[in-house]
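Remarks on the overall topology
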Amino acid sequence: MKRTISLRAISLLATVAFLMQAAFGQLAVKGDTVWTMTGEPITNGVVLIRDGKIERVGTAAQVQIPAGYRTVTAKVITPGLIDAHTVIGLNGYLNQPHDQMALDASGTFQPELRATDAYDPEERLVEWVRGYGVTTIHTGHQPSALSPGQTMIAKTWGKTVEDATLVPTAMVAVVLGQAANAGAGRSPGTRGKQAAMLRAELIKAQENLAKKEPPKDLRSEIMMRVAKGDVRLLVTAHKVQDIMTALRLAKEFNLKMVLDGASEAPLIVNEIKAAGIPVIVHATMARAGGDTASLSLETAAKLKAAGIPVALQSGYEGYVPKTRIILFEAAMAAANGLGVRDALATVTIDAAKILGLDTRIGSIAQGKDADIALYDGDPFEFATHCTGTIINGQLVSEIVR
Amino acid sequence: MKRILVCAFTALLCAGSIAAQQRPTAFINARIIPIAGPPIEQGILLIQNGKIAAVGDARTVRLSSDVVTVDMAGKTIMPGLIDTHSHIGSPAGADGSGPIQPDVRILDSVNAEAVSFQRAQAGGITTVNVMPGSGYLNSGQTLYLKLRDNAIKIDDLLIYDKDGKYMGGIKFANGTNPIRSGGGAFPGTRAKSAALVRDQFIKAREYRDKVKAAGNDKTKLPPRDLAMETLVEVLEGKRVVHFHTHRHDDILTALRLQKEFGFRIVLQHVSEAWKVADEIAKAKAPASIIMIDAPGGKLETMEVDFKNGAALEKAGALTGFHTDDGITDSRWFLRSGGMAMRAGMSRDKVLYGFTMAGAIMLDMQDRIGSLEPGKDADFIVLSGDPLSVYTKVLQTWVEGKKVFDRTDPKDYLIAVGGKGATDENDLNADHLHCVDGDEGGNE
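Scoring rules and cut-offs
Residues numbered from 1 in each chain as written. Chains lettered and ligands numbered in written order. Predicted model: local features only at pLDDT ≥ 70, side-chain atom pairs only at ≥ 80, totals over all residues. Heavy atoms only, no water. Helix = DSSP H or I, 4+ residues; strand = E, 2+ residues; numbered from the N terminus. Rg over C-alpha atoms; globule rule 2.2 N^0.38 Å. Buried < 20%, exposed > 50% of the residue type's maximum accessible area, 1.4 Å probe, protein only. Contact = heavy atoms within 4.5 Å. pLDDT = per-residue confidence, 0-100. Phe/Tyr/Trp six-rings, centres within 6.5 Å; stacked < 30°, edge-to-face > 60°. Lys NZ or Arg CZ within 6 Å of the ring centre and 35° of its normal. Pairing = 2+ DSSP bridges. Axes fitted to C-alpha atoms, helices over the stretch in contact; angles between N-to-C directions. Buried area = accessible area lost by both parts, 1.4 Å probe. Salt bridge = Lys/Arg side-chain N within 4 Å of Asp/Glu carboxyl O. Polar contact = N/O pair within 3.5 Å; in protein donor to acceptor, adjacent residues only side chain to side chain. Core = buried A, V, L, I, M, F, W, Y, C linked by side-chain atoms within 4.5 Å. Parallel < 35°, antiparallel > 145°, perpendicular 65-115°, else oblique. Left-handed = near helix turned anticlockwise from the far one by under 90°. Nonpolar A, V, L, I, M, F, W, Y, C, P; charged D, E, K, R; others polar. 1 Å grid on protein atoms, 1.4 Å probe; cavity = no way out; pocket = protein on both sides within 12 Å on 5 of 7 lines; lining within 4 Å. Points joined across faces, edges and corners; volume = space filled by probe spheres on them.

1. Quick notes on the overall build of chain A
Broken down by element type, chain A carries 10 helices and 16 strands. Computed over the C-alpha atoms, the radius of gyration of chain A is 22 Å, within 12% of the 21 Å expected from 2.2 N^0.38 for a compact globule of 401 residues. Taking the principal axes of its C-alpha atoms as reference, chain A extends roughly 75 × 55 × 40 Å. The buried share among the 401 residues of chain A stands at 60%. Taking all contacts inside chain A whose residues are at least 6 apart in sequence as the whole, residues at least 24 apart take part in 66%.

2. Description of the confidence of the model for chain B
Residues and elements named next belong to chain B. The predicted model of chain B averages 92 in pLDDT, with 91% of residues at 70 or higher. This model gives residues 1–19 a pLDDT under 50, and the stretch forms 1 contact once residues within four places in sequence are excluded. Taken as a whole, residues 427–443 scores under 50 in pLDDT and shows 65 contacts with residues more than four places along the chain or in a different chain. The complex model carries a pTM of 0.93, and its ipTM stands at 0.93.

3. A closer look at the packing of aromatic side chains
Residues and elements named next belong to chain B. Scanning the model with the defined rule gives 12 aromatic pairs over all chains in all. Judged by centre distance (4.6 Å) and plane angle (25°), the ring pair of Phe321 and Phe354 falls under stacked. Placement of the pair is Phe321 in strand E14 (residues 319–321) and Phe354 in helix H9 (residues 347–354), with a sequence separation of 33 residues. With relative accessibility at 0%, the residue Phe354 sits in the buried group. Among the aromatic residues, those joined into a ring-pair cluster are Phe172, Phe201, Phe243, Phe261 and Phe263. The aromatic ring of Tyr136 is capped on one face by Arg180, whose charged end is 5.1 Å from the ring centroid. One Lys or Arg, Arg180, reaches over the ring of Phe186 and ends 3.8 Å from the middle of that ring.

4. Re the sheet that holds strand E6 (residues 81–86) of chain B
Residues and elements named next belong to chain B. Spatial ordering of the open sheet is given by E6-E7-E9, a layout of 3 strands whose pairing is mixed. Of all strands in the sheet, those with a lone pairing partner are E6 and strand E9 (143–146), marking the two edges. Across the sheet, the axes of successive neighbouring strands diverge by a mean angle of 20°, strand direction being ignored.

5. Some details on the interface of chain B and chain A
Each side of the interface is counted separately: chain B has 37 residues, and chain A has 44 residues. Among the residues chain B hides against chain A, the three largest losses belong to Arg342(B), Val389(B) and Tyr390(B). Together they make up 21% of the total. The interface formed by chain B and chain A contains 1 salt bridge. Inspection of the chain B/chain A interface yields 20 residue pairs in polar contact (both at pLDDT 80 or more). Contributions of two or more residues to the side of chain B that touches chain A are made by helix H8 (333–342) and helix H11 (409–416) of chain B.

6. With respect to the sheet that holds strand E4 (residues 70–79) of chain A
Residues and elements named next belong to chain A. Strand order in this open sheet of 7 strands is E3-E2-E1-E4-E14-E15-E16, and the pairing throughout is mixed. Each edge of the open sheet carries a strand with a single partner, namely strand E3 (53–59) and strand E16 (394–397). Taking the axes of each pair of neighbouring strands and ignoring which way they run, one obtains an average angle of 40° across the sheet.

7. So, the pattern of salt bridges
Residues and elements named next belong to chain B. Tallied over the entire structure, the rule returns 47 salt bridges over all chains. Here Glu229 and Arg224 are joined by a salt bridge, their closest N and O atoms 2.7 Å apart. The structure contains a network of salt bridges with shared partners spanning Lys51, Lys146, Arg148, Asp376, Asp378 and Glu399.

8. What to know about the nonpolar core
By size, the foremost hydrophobic cluster in this structure holds 182 residues, and its most contacted members are Leu267(B) and Ile280(B). For this core, the element with the most residues is helix H9 (residues 326–346) of chain A, which contributes 13 residues. In contact with Leu267(B), other than residues within four places in its own chain, are Phe243(B), Thr245(B), Ile251(B), Ala254(B), Leu255(B), Ile280(B), Ala285(B), Pro286(B), Ala287(B) and Ser288(B). In terms of nonpolar packing, the next biggest core, distinct from the first, is built from 16 residues, Ile153(A), Ile280(A), Ala351(A) and Ile354(A) among them.

9. Describing the environment of Pro188(A)
Residues and elements named next belong to chain A. Relative to the assigned elements, Pro188 resides in the loop between strand E9 (171–175) and helix H4 (191–210). Taking relative accessible area as the criterion, Pro188 reaches 0% and is therefore assigned buried. For Pro188 and Glu123, which are 65 residues apart along the polypeptide, the C-alpha to C-alpha distance reads 33 Å. Contact partners of Pro188, with chain neighbours within four places excluded, come to Thr108, Leu146, Ala180, Asn181, Ala182, Gly183, Lys193, Gln194 and Met197.

10. Brief notes about the pairing of E9(A)
Residues and elements named next belong to chain A. Counting buried positions along E9 yields 5 of 5 residues, so the element is predominantly enclosed. Neither face of E9 is exposed, since Met171, Ala173 and Val175 on one face and Val172 and Val174 on the opposite face are all buried. Bridging between strand E7 (residues 149–155) and E9 involves 2 bridges; their strand directions are antiparallel. Paired with Gln150 across the two strands is Val172, which belongs to E9.

11. Some details on the packing of H4(A) against helix H6 (residues 240–253) of chain A
Residues and elements named next belong to chain A. Packing of H4 against H6 brings their axes to within 11 Å, and their N-to-C directions diverge by 15°. Our classification of the angle between H4 and H6 gives roughly parallel. The crossing of H4 and H6 is right-handed. For the pair formed by H4 and H6, the contact residues are Arg191, Ala195, Leu198, Arg199, Leu202, Ile203 and Gln206 on the first element and Gln241, Asp242, Thr245, Arg248, Leu249, Glu252 and Phe253 on the second.

12. Some thoughts on the packing of H8(B) against H9(B)
Residue and element names in this part refer to chain B. Following both chains from N to C, one finds H8 and H9 inclined at 150°, their axes separated by 9 Å at the closest point. Classed by the angle they form, the pair H8 and H9 counts as roughly antiparallel. Relative to H9, the crossing made by H8 is right-handed. Contact residues: H8 offers Phe333, Leu334, Ser336, Gly337, Ala340 and Met341, while H9 offers Arg347, Val350 and Phe354. Across the contact of H8 with H9, the residue classes break down as 6 nonpolar, 2 polar and 1 charged.

13. Some points on unusual backbone geometry
With omega at 0°, the peptide bond leading from Ser187(A) into Pro188(A) counts as cis. With omega at 5°, the peptide bond leading from Asp325(B) into Gly326(B) counts as cis. Located in the positive-phi region is Asn95(A), a residue other than glycine, with phi close to 65°. Structurally, Asn95(A) is set in the loop between strand E5 (81–86) and helix H2 (124–130). With phi around 40°, Val270(B) is a residue other than glycine that occupies positive phi space.

14. Some points on helix H7 (residues 308–315) of chain B
Taken residue by residue, H7(B) has Asn308(B), Gly309(B), Ala310(B), Ala311(B) and Leu312(B) as its buried positions. Looking at the buried side of H7(B), the elements it contacts are helix H6 (277–282), strand E13 (287–289) and E14 of chain B.

15. Quick look at the layout of surface pockets
Using a probe with the size of a water molecule, rolled over the atoms, empty space left in the structure can be pinpointed. All names here are of chain B. Approximately 500 Å³ is the volume found for the second largest pocket. What lines the second largest pocket is a set of 20 residues, among which Asp161, Lys162, Met167, Lys238 and Asp363 lie closest to the centre. Per-class residue counts for the lining of the second largest pocket are 6 nonpolar, 3 polar and 11 charged.

What follows is the structure, encoded as structure tokens:
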């Protein structure tokens, strides 16, 4: 009896060990075309993965697949896609009050709200985008208040928010323009008031920094980090006057800033370039109207051509689709002036650079996280499928989607 | 004086050209997808006086000496796209006074100058069914429109049937959009929704019988009732019901009502068509689908799927496409077909869905939907394969006139967007926020 149990235990242990090895062990990914994003795409490439990291990359002639490696094959391989700005995980697919947690309407300026306290790694939209090759998301509070809260960066895999999170506080979201107005007679109610309120908060933060014993409340703490430049401001602004306000604030307070949306940015590329501020461009297929009347399929292409660092985003949707897919948004940008290589960069290496994570993700290179997307053709073509997604060396999706 | 003379002369010329036979125009060397037959390489499309005169190649189409030729080498020509469900032109139908308002005509509300019509032209759409919203069981009468250029008034876009009547259908909806928690005249449940619709159709039958019984005796006619007159048209099959419906059980409720009252139906959206595709096919109900990039947005679209097209095709149902603009953008309507193909719908049925299927759903299969002699010269010129992300709509032609040209800077701006491309106050964008409001919702 005892012996049986111990045998069972051994066999169970062996099974677990085998599964662990399959899950976290060695993987070889072969692709007819491998977009490493570190140089020219490799024809007939092989990527070796060991312990969640990329071990080696090269042509099939250069890289021998060692024994014991599971081999996965695809026509086209890219780095796992990075969605540089979304709200999924905070907002869910049902669009019911219980799954919409990206905006607290009780206040217009709440930079202390942490995205990690709301993020649901098992939200269906996270699974949905993962199935299209998205491995990292910069997600957080939705751009519908002067400061709706913080953003975070997470892998699209992980049981708990702690498992998934790469950066718990990535940026503090700020909105300028019509979307920032509080309505119902509350402040802010105008563009001038929006800027005045932000200035007042930043002055207070600067004063707090100078104090021997700075206040310890959550809002003061995060705003001091912003004022110090430890945490960047993510400023959603579309109209020229709003973008210029953002640049003015960045200069006045010596802030680290990322512009977001920025549909009229092509009209003031020199000013943005001079400020050295990168842009996370609106979703290519987002709806135009109001402050976003100047949305263009070519925004990303025009900014890129002007030498401004750009990434693409799926953005925030109040209705349907409850999330856009960064793969499809990049596809439309690729077809409208950006080209395949640069469009891929906006959702891989260039997005990683803007998010400050390019030493870890965004390209297929030795030592980086093994985050890879597999496709059965040109990733951007309508009829191509994503056939697999690898995160931290694990094949986490094999649904043909 | 001189200027006036020149103007008068130009006017005479224009008038003359309309009255006289126009010179035929031949688009040559194109890859032509006629839908009515297999694709033609090095094809010729011959048009004259707004109609298609011939389709074929150098062996089958003889060109007269007065023909104007346009070289379309490397380009693809296919019929203009038919959008069976859109909200371009800021249509507003029923108001908050009640859930069923068949007397309301969006004819009386559409802004023919709306830039959204130009966006649809940029997407290759030539015929569109413009509908009121779905926040009602019945939100009024729809309009079938041709996207002609330079329209100022709605009359410039109307399509007339052989009896000289402008064409359109009627919009019904079920599921959660028409349900209002406030009670009053609006339904609070799905069963109540069906009961209210049933009730109106029974009244319409009685109204029809009274009119019939009166015969030539005008004193015996019931008092005129525009709502009833419209529903009688529906009962008689003269006006097609475009039924907004998402969930599988709602789709079957729509089909049940159709069976009970015998009206002609086109199912719109059918988010869960993949669950009841066989039932849809068995009922011989045409279905028009929409492609949404993610599931949800509301509870009844939790299981919307790109595979609806493939499922309906497999079941044998007539399947078309719609934008539901502004839910999806008319400018990339072809993308919807690309996504349907991605999920297993055949290329042929996708292209058929954009053209002939839509024509059949709008009762215009004899006039549009394929490139065949005698049909309206509604076609699009594409830079490549219709179902590639890299392909651009280069030109859109309606009744022999070019209404969109990507090389024209104004048209280009509409097509790609940018400063000045849309009206900042375009109601099309606002429409999205009216899902539960008086304006009624889309999708």
